[in-house]
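A structural walkthrough
Here are the chains, one letter per residue:
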Amino acid sequence: MRLPPRLSPVIPTLLLATALTACGGGGGTSTPPVPPTVTLAAATTQTLAGGKPVALTATVSSSDAVSWSLASGAAGTLSATSGASVNYLPPAAGVTKPGTVTVTATAGGVSKTVSLTLYPDPGPAGLSLIAGSIATPTDLDADVDGPNASARFRKPTQLAIDADGNLFVADDARSSGAFIGGHGLSLRQISATATATVFQQYDGVNTVSGLALDRNHQFYISEIGIQSLENRPKGGALRKWQNNAFTTLSGSYAAPWLDYQQVDGPAASAQFQNPVLLGVDADGTLYIRDNDKLRQLTAAGVVSTITSLPAGIVSAPDGATYTVDAASAVVYRMATDGSKTVVAGVPNVQGTVLGPLPGGLYRPQAIVPTGLYSFAVISGNAVVKLVLPH
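Notes on the structure follow. Keep in mind that this is a model prediction, so the values were computed, not measured.

For the rest of this paragraph, the subject is the overall build of the protein chain. Across its full length, the protein chain holds 1 helix and 29 strands. For the protein chain, the share of sequence-separated contacts (at least 6 apart) that also reach a separation of at least 24 residues comes to 45%. Accessible area of the protein chain: about 19700 Å², with a carbon and sulfur share of 55%.

Between side chains of opposite charge, a pair can form as their charged atoms come close. According to the stated counting rule, one finds 8 salt bridges in the structure shown. A salt bridge links Lys-97 to Asp-164, with the nearest nitrogen and oxygen atoms 3.5 Å apart. Of the two residues, Lys-97 sits in the loop between β6 (85–89) and β7 (99–107) while Asp-164 sits in the loop between β11 (156–161) and β12 (167–172), which places them 67 residues apart along the sequence. The closest approach of N and O atoms between Asp-290 and Arg-295, which form a salt bridge, is 2.8 Å. Of the two residues, Asp-290 and Arg-295, neither departs from the other in class, the shared state being buried. Each of Asp-143, Asp-145, Asp-171 and Arg-188 takes part in salt bridges that share partners, so that together they form one network.

Bringing the layout of surface pockets into the picture now. Estimated volume of the second largest pocket: approximately 270 Å³. Taken together, 14 residues make up the lining of the second largest pocket; nearest its centre are Thr-47, Leu-48, Gly-51, Lys-52 and Tyr-373. Looking at which element gives the most residues to the lining of the second largest pocket, the answer is strand β2 (residues 46–48), with 3 residues. Taken together, the residues that form the lining of the second largest pocket break down as 6 nonpolar, 6 polar and 2 charged.

Moving on, we come to empty space enclosed by the protein. Within this structure, the stated rule accounts for 1 cavity of 30 Å³ or more. Within this model, the largest cavity holds a volume of roughly 40 Å³. Lining the largest cavity are Ala-316, Pro-317, Asp-318, Tyr-322, Gly-371, Leu-372, Tyr-373, Phe-375 and Leu-388.

Here we come to the sheet that holds strand β20 (residues 275–280). Taken together, the 5 strands give an open sheet; going across it, the order is β19-β23-β22-β21-β20, and neighbouring strands pair in antiparallel fashion. The open sheet terminates on both sides in strands that have one partner only, identified here as β19 (265–266) and β20.

If you walk across this open sheet you meet the 4 strands as β15-β16-β17-β18, and the pairing is antiparallel. Only two strands of the sheet have a single partner each, and these edge strands are β15 (207–213) and β18 (245–252). Within the sheet, the average angular offset between the axes of one strand and its neighbour, ignoring direction, is 25 degrees. Taken together, the 5 bridges between strand β16 (residues 219–224) and strand β17 (residues 236–242) define a ladder with antiparallel strand orientation. Counterpart to Ile-221 in the pairing with β17 is Arg-239.

Now for the pairing of strand β26 (residues 340–344). Note: strand β25 (residues 330–334) against β26, 4 bridges, orientation antiparallel. When the sheet's bridge partners are listed, Arg-333 is paired in β26 with Thr-341. Once β25 ends, the chain turns through 5 residues before running back antiparallel as β26, passing Gly-338 with a positive phi of about 95 degrees.

The next thing to look at is the environment of Gln-296. Mapped onto the elements of the fold, Gln-296 is located in strand β22 (residues 293–297). Between the C-alpha atom of Gln-296 and that of Leu-278, which follows or precedes it by 18 residues, the distance is 9.8 Å. Apart from the residues within four sequence positions on either side, Gln-296 is in contact with Thr-285, Leu-286, Tyr-287, Ile-288, Val-302, Val-303, Ser-304 and Ile-306.

The next subject is the side chain of Glu-223. Checked against the element boundaries, Glu-223 lands in strand β16. Among the polar contacts made by the side chain of Glu-223, one reaches the side chain of Arg-239 at a distance of 2.7 Å. Engagement of the side chain of Glu-223 in a polar contact is seen with the side chain of Tyr-253, the distance being 2.8 Å. The residues contacting Glu-223, other than those within four sequence positions of it, are Val-205, Asn-206, Thr-207, Ser-209, Gly-235, Gly-236, Ala-237, Arg-239, Tyr-253 and Pro-275.

Note: most residues except glycine have negative phi, and most peptide bonds are trans. Residue Pro-358 is reached from Leu-357 by a cis peptide bond, and omega for that bond is 15 degrees. As for its position among the elements, Pro-358 is in the loop between β26 and β27 (367–371). Phi is positive for Ala-194, close to 70 degrees, though the residue is something other than glycine. The topology assignment puts Ala-194 in the loop between β13 (184–190) and β14 (195–203). Its relative accessible area of 14% is what places Ala-194 among the buried residues.

Turning to the nonpolar core, a few remarks are in order. Counting 20 residues, the largest nonpolar core has Leu-56, Val-66, Trp-68, Tyr-88, Val-103 and Leu-116 as the members making the most contacts within it. Residue assignment for this core shows that the elements contributing at least two residues are β3 (54–60), β6, β7 and β8 (110–119).

Conventions we followed
- Residues numbered from 1 in each chain as written.
- Predicted model: local features only at pLDDT ≥ 70, side-chain atom pairs only at ≥ 80, totals over all residues.
- Heavy atoms only, no water.
- Helix = DSSP H or I, 4+ residues; strand = E, 2+ residues; numbered from the N terminus.
- Contact = heavy atoms within 4.5 Å.
- Areas by Shrake-Rupley, 256 points an atom, 1.4 Å probe, with all protein chains shown as cover.
- Salt bridge = Lys/Arg side-chain N within 4 Å of Asp/Glu carboxyl O.
- Buried < 20%, exposed > 50% of the residue type's maximum accessible area, 1.4 Å probe, protein only.
- 1 Å grid on protein atoms, 1.4 Å probe; cavity = no way out; pocket = protein on both sides within 12 Å on 5 of 7 lines; lining within 4 Å.
- Points joined across faces, edges and corners; volume = space filled by probe spheres on them.
- Nonpolar A, V, L, I, M, F, W, Y, C, P; charged D, E, K, R; others polar.
- Pairing = 2+ DSSP bridges.
- Axes fitted to C-alpha atoms, helices over the stretch in contact; angles between N-to-C directions.
- Polar contact = N/O pair within 3.5 Å; in protein donor to acceptor, adjacent residues only side chain to side chain.
- Core = buried A, V, L, I, M, F, W, Y, C linked by side-chain atoms within 4.5 Å.

The quantities given are spatial measurements derived from coordinates; they are silent on function.
This is how it looks when you write it as structure tokens:
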């Protein structure tokens, strides 16, 4: 039977719609493929030039193959460009300061990265001279600029380091006639080539208990006052070097007869009893140990008590915390599990002895990490390099 002509155009349209629906078109829905999840694991995130290979593993939720690549310009090589596991091979030499190496794993169109910090090879384990004299200090010692063993320090007490490897030393300048009443701070710089020079000098500084340097090369110190006859807390202040002078950020020690308390709040009204500046983070927050408490001063000018320190403020690259003990003449390592061991110096034997560990130290005053397994330590009137076994 022939269909009426007016119905003929409809049938092809219906057939087309049916065909499109069967193929997933014409308003039908399809489920896109689910991308796999990719998880990366690294045996360590820190390594040395000339160090051991770092094992990297990718776990993928699908059967997709994994490809690996190094960021453009990154030092070192990969043992392979595909497979579930590869090794990152550090360069043998040529690394002069810490840098970041980024490794990327890609599977099923999904990429994940892991960042490794590559440090220079610190050399063999032991103690060696950076600058100053290893002789027993005397009251006649004075500041002298110069390289390595020709440099002299008066009474160095604090250390800090910048991103270029320059060390900064808070030295006592009480013997200098440039200061009113023989009272001042000589901030010395030791370059990466171990040459000591005067960086800044400032009059009117009391006992410097801490020194820190931020990413913008701004210097901060903590000071404590003179002990009162009534044996009250000394009081103390946090100060910042700017416009060729120190500006007080918070605290005071001007009146030794006052009973200073640990008072939180706005920086202008906060108080400290015995502040020791521990470090400064990328946001400009200062971290302080004040007798039995940990405290912070934010860039917004607020002092508060905290329960713990952020990672990296006092810990070394290996995650442990290293401290000096002047009376015992040693450097301690506090591991993340709380265990404490002597890593340099002979307990209760004073005297700087260079060479293989344990070596010897003279009333060590400060320690600062300079790389992976390496540190700068104030020993008597010298700054020495400590390299741990690696």
